Amino acid sequence: MTWERTATGGGEVPPSWEEVAQVLRARIHDGALRAGEPLPALAELAAELCAERAAIRAALRSLREEGLLAEGTQGVPARVAPDADGPPPARVSLGTHVLEAFGAPDVRIDAVCLTTESLTLALAEPTRRIFSGGSAPRSVRVRVLLPSGDLHLAPPVREGAGPAHERWRAVRAAQSAVLRHSLTAVGRARGLDVEVSFGDLPFTPPVKLYLLNGSEALFGHHCVERRTEEAGGSTTGMSGGLGDRPVLLASARSSGRAHDLAFVEQSQRWFDGLWAQAATDLPD
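Residues numbered from 1 in each chain as written. Predicted model: local features only at pLDDT ≥ 70, side-chain atom pairs only at ≥ 80, totals over all residues. Heavy atoms only, no water.

K.L.:
Before we move on, could you go through the nonpolar core and cite the residues and values that matter?
P.N.:
Ile109 and Leu119 are the most contacted members of the largest nonpolar core, which has 27 residues in total. Counting residues per element, the ones that place at least two in this core are α4 (94-101), β5 (106-112), α5 (117-131), β6 (139-147), α6 (163-190), β8 (193-201) and β9 (207-212). With near-sequence residues (within four places) excluded, Ile109 lies in contact with Val98, Phe102, Leu119, Leu123, Arg141, Val142, Arg143, Leu211 and Leu212. Counting residues in hydrophobic clusters, the runner-up holds 19 residues, among them Ile56, Leu60, Leu68 and Ala78. (Core = buried A, V, L, I, M, F, W, Y, C linked by side-chain atoms within 4.5 Å. Buried < 20%, exposed > 50% of the residue type's maximum accessible area, 1.4 Å probe, protein only. Helix = DSSP H or I, 4+ residues; strand = E, 2+ residues; numbered from the N terminus. Contact = heavy atoms within 4.5 Å.)

K.L.:
Before we move on, can you summarise the packing of α4 against α5 with the specific residues and values?
P.N.:
The contact between α4 and α5 brings their axes to 9 Å, and the two run at 40°. It follows from the interaxial angle that α4 and α5 lie oblique. Along this stretch, α4 crosses α5, giving a crossing that reads as right-handed. In this structure, α4 uses Leu94, Gly95, Val98 and Leu99 to contact α5, whose residues at the interface are Ser118, Leu119, Ala122, Leu123, Glu125, Pro126 and Arg129. (Axes fitted to C-alpha atoms, helices over the stretch in contact; angles between N-to-C directions. Parallel < 35°, antiparallel > 145°, perpendicular 65-115°, else oblique. Left-handed = near helix turned anticlockwise from the far one by under 90°.)

K.L.:
Can you explain α5? Please cite residues and give values.
P.N.:
Spanning 15 residues, α5 covers 21 Å between terminal C-alpha atoms, matching the ideal 21 Å at 1.5 Å per step. Of all bends in α5, the biggest is about 35°, found at Ala124, and the proline Pro126 comes one to four residues later. Ser118, Leu119, Thr120, Ala122, Leu123, Glu125, Pro126, Thr127 and Ile130 are the residues of α5 that are buried. Looking one or two residues beyond α5, the residue adopting positive phi is Gly133, at roughly 100°. (Expected span 1.5 Å × (residues − 1). Bend = angle between axes of the 7 residues up to and from the residue.)

K.L.:
Go over the packing of helix α1 (residues 17-29) against helix α2 (residues 42-49), please, and point to the residues and values.
P.N.:
Running from N to C, α1 and α2 point in directions that differ by 105°, and their axes come no closer than 12 Å. The angle between the axes of α1 and α2 places the two elements in the roughly perpendicular class. Within the contact between the two elements, α1 uses Val20, Val23, Leu24 and Arg27 and α2 uses Leu45, Glu48 and Leu49. Looking at the contact of α1 with α2 residue by residue, the class counts come to 5 nonpolar, no polar and 2 charged. (Nonpolar A, V, L, I, M, F, W, Y, C, P; charged D, E, K, R; others polar.)

K.L.:
Explain the pattern of salt bridges to me, and be specific about the residues and the numbers.
P.N.:
For the coordinates displayed, the defined rule picks out 12 salt bridges. Here Arg34 and Glu37 are joined by a salt bridge, their closest N and O atoms 3.8 Å apart. The class for Glu37 is partly exposed, based on a relative accessible area of 23%. A salt bridge links Arg253 to Glu265, with the shortest nitrogen-to-oxygen separation between them at 3.4 Å. Pair noted here: Arg253 is in the loop between β13 (249-252) and α7 (258-278) and Glu265 is in helix α7, with a separation of 12 residues, a long-range link. Exposure remark for Arg253: the relative accessible area of 35% places this residue in the partly exposed category. Each of Asp110, Arg143 and Asp272 takes part in one network of salt bridges that share partners. (Salt bridge = Lys/Arg side-chain N within 4 Å of Asp/Glu carboxyl O.)

K.L.:
Outline α1, listing residues and values.
P.N.:
Counted at 1.5 Å a residue, the expected span for α1 with its 13 residues is 18 Å, and the 18 Å between its end C-alpha atoms agrees. Lining the buried residues of α1 we find α2, α3 (53-65), β3 (69-70), β4 (79-80), α4 and α5. Following α1 by one or two positions, Gly31 has its phi on the positive side, about 90°.

K.L.:
An account of the packing of aromatic side chains is requested, with residue identities and associated values reported.
P.N.:
In this description, an aromatic ring pair is defined by two values, namely the gap between the centres and the angle between the planes. In total, this model carries 2 aromatic pairs according to the counting rule given. Measuring from ring centre to ring centre gives 5.6 Å for Phe219 and Phe263, while their planes differ by 85°; the resulting arrangement is edge-to-face. With Phe219 in strand β10 (residues 216-221) and Phe263 in helix α7, the pair connects residues that are 44 residues apart, well separated along the chain. Looking at Phe219, the relative accessible area reads 21%, which means it is partly exposed. A residue is classified by how much of its surface remains accessible, and Phe263, at 30% relative accessible area, is partly exposed. Each ring, one from Phe271 and one from Trp275, has its centre 5.9 Å from the other, and the planes form 15°; the classification is stacked. (Phe/Tyr/Trp six-rings, centres within 6.5 Å; stacked < 30°, edge-to-face > 60°.)

Here is the structure:
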C-alpha cells in the first residue's frame, strides 16, 4: 500500500506516526506481514509511505508497545511478533491514549514508573502538534512518582551496587529533565498553564501506572526475569532491568463496566495517597 499525501495550502502533509502505525497494523492483521517476518528497513518504509523517519520510528515504538513487533536490536529491522497474526491484542499503546487525552481542555496525567522514558516518548506527538499550531488545551498538569535514586534495590536489581545502578540514576535524571523541559517550553510558546511535578518514592514500584484525566487507567506489571549483563568488564546477575516493557492494559470509566469504574477510582485514590503521604519532592 502506498500512502497518498494530503495537499494543504500548496504543500503536502506527510502522514503522522498514528497513520503510519495504522497502515502497518493493518498489514500485520491481514497477513501481508506475517509473524516472525522482518519489516522493510526504515529508509524503505519512509520512501514507500512518504513519511518522515521520525514518524516511522514513533509508529514502530507504538506497535512494540501493542505487542505487534518483537523487541529488536539497533541496526536490525524490526520483526513482527511471533503471536501477532491472531486477533488484535488486549494491550494498549500509551502514545495513542496520551494523544487522545490532550483533546480535553484541561489535561491531567499522573504516572508511577521506573523512568519517564515511555511517558516522554508518548508526549512527543501532542507537544509537536501544539508547537505547530494545532489545537491546544488550556492547562496541562503532570505528576510523576519515581523510585528514589538512593534506594539500593531500585531497578535494575543487581547482585551488589555498581555501574548498572549509577546508569539507572543517570537515565532517570536525564529523562525527567527532558520531560519537564518539553512541556514547559510548549507552555511558554503557546501561553498554556503547565505544571510538571515529580515525587521521590521510598520504594521501587513493581507496577507501571498512568492515569489520564482521571477517567482512564493504563496498568502493567514489571515482570522479574533472571538474566545477566556485562558491566565493568564482568558479568553479573540481574533481575528485571531498564529494558523491561510491561504490557499495558486499559480500564476506562467510559466503558460502562463496573470493574473498570472501580479500578480507575481506586488507582487514582492509590496514587493520590502516595503523592500526599509517601512521596518527597524531587528537585528540578
